[in-house]
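What follows is each chain in one-letter form.
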Amino acid sequence: MDQNQRRARAISMRQGKELPHIRTAHDSSAQSTSYFIQSRPAPGEPWQQASGVPFSWEFRDTALDRLADRRRMQPSWEHRLMRRTTTVTEQPEPEENQR
């Protein structure tokens, strides 16, 4: 949301207008999912994000391909695919809490 959109939204809120475009956690468009790899050298060791892979992937198929590559590169280690779901909720803040 750019600065002009924020201003328009604030003006609408002050005037008591309905904001139909507010996304909530129930709106599927407000969620994003990404995948990343965790590895560990042996059972009982802590899982950690794989070195050399500081990023994540939006698509599961791509992440599974990278997981297979990692398993071929380090066959003695354990590797697992992790999913991160981020939910964004936007809602007006009550006036008494604003400065």
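Structure first, text after, so check above.
Rules and cut-offs
Residues numbered from 1 in each chain as written. Predicted model: local features only at pLDDT ≥ 70, side-chain atom pairs only at ≥ 80, totals over all residues. Heavy atoms only, no water. Helix = DSSP H or I, 4+ residues; strand = E, 2+ residues; numbered from the N terminus. Buried < 20%, exposed > 50% of the residue type's maximum accessible area, 1.4 Å probe, protein only. Contact = heavy atoms within 4.5 Å. Areas by Shrake-Rupley, 256 points an atom, 1.4 Å probe, with all protein chains shown as cover. Salt bridge = Lys/Arg side-chain N within 4 Å of Asp/Glu carboxyl O. Expected span 1.5 Å × (residues − 1). Arc of directions from axis to C-beta. Core = buried A, V, L, I, M, F, W, Y, C linked by side-chain atoms within 4.5 Å. Pairing = 2+ DSSP bridges. Axes fitted to C-alpha atoms, helices over the stretch in contact; angles between N-to-C directions.

Before going further, it helps to examine the overall build of the chain. Within the chain, the secondary structure is distributed over two helices and three strands. The N-to-C order of helical and strand elements in the chain reads α-β-β-α-β. Counting across all 99 residues of the chain, residues that qualify as buried make up 18%. For the chain, the proportion of contacts with a sequence separation of at least 24, taken over those separated by at least 6, is 56%. As presented, the chain carries roughly 7,700 Å² of accessible surface, and 46% of it is formed by carbon and sulfur atoms.

Further remarks concern the pattern of salt bridges. Oppositely charged side chains may form a pair once their charged atoms are brought near each other. Tallied over the entire structure, the rule returns three salt bridges. The salt bridge involving E78 is made with R40; its shortest N-O contact spans 3.0 Å. Highlighted residues: E78 in strand β3 (residues 78-87) and R40 in strand β1 (residues 31-40), separated in sequence by 38 residues. Across the pair D69 and R66 runs a salt bridge, and its minimum N-O distance is 4.0 Å. Here R66 and D69 lie together in helix α2 (residues 60-73), a separation of three residues that amounts to about one turn. The class of D69 is partly exposed, set by a relative accessible area of 29%. Since its relative accessible area comes to 37%, R66 is described here as partly exposed. Here the salt bridges do not stand alone but share partners, grouping R66, D69 and R72 into one network.

Attention shifts here to α2. An ideal rise of 1.5 Å per residue puts 20 Å on 14 residues; α2 measures up with 20 Å between its terminal C-alpha atoms. Along α2, the residues that are buried comprise A63, L67 and R70. Relative to the axis of α2, the buried residues are bounded by an arc of 60 degrees and lie together on one face. Exposed residues on α2 whose side chains face more than 90 degrees from its buried face are D61 and R72.

Here the focus is the nonpolar core. Side chains that are nonpolar tend, in soluble globular proteins, to be buried together. Listed in full, the six residues of the largest apolar core are Y35, I37, A50, W57, A63 and L67. Secondary structure elements with two or more residues in this core: β1 and α2. Other than its neighbours up to four places away in sequence, I37 contacts Q48, Q49, A50, W57, R66, L67, R70 and R80.

In space, the three strands of this open sheet follow the order β2-β1-β3, with antiparallel pairing throughout. Only two strands of the sheet have a single partner each, and these edge strands are β2 (48-49) and β3. Where β1 lies against β3, ten bridges are found, and the strand directions are antiparallel. In the sheet register, Q38 faces β3, and the bridge partner there is R80. Against the sheet, α2 makes contact with β1 and β3, and its axis sits at roughly 155 degrees relative to β3, the strand it touches most.

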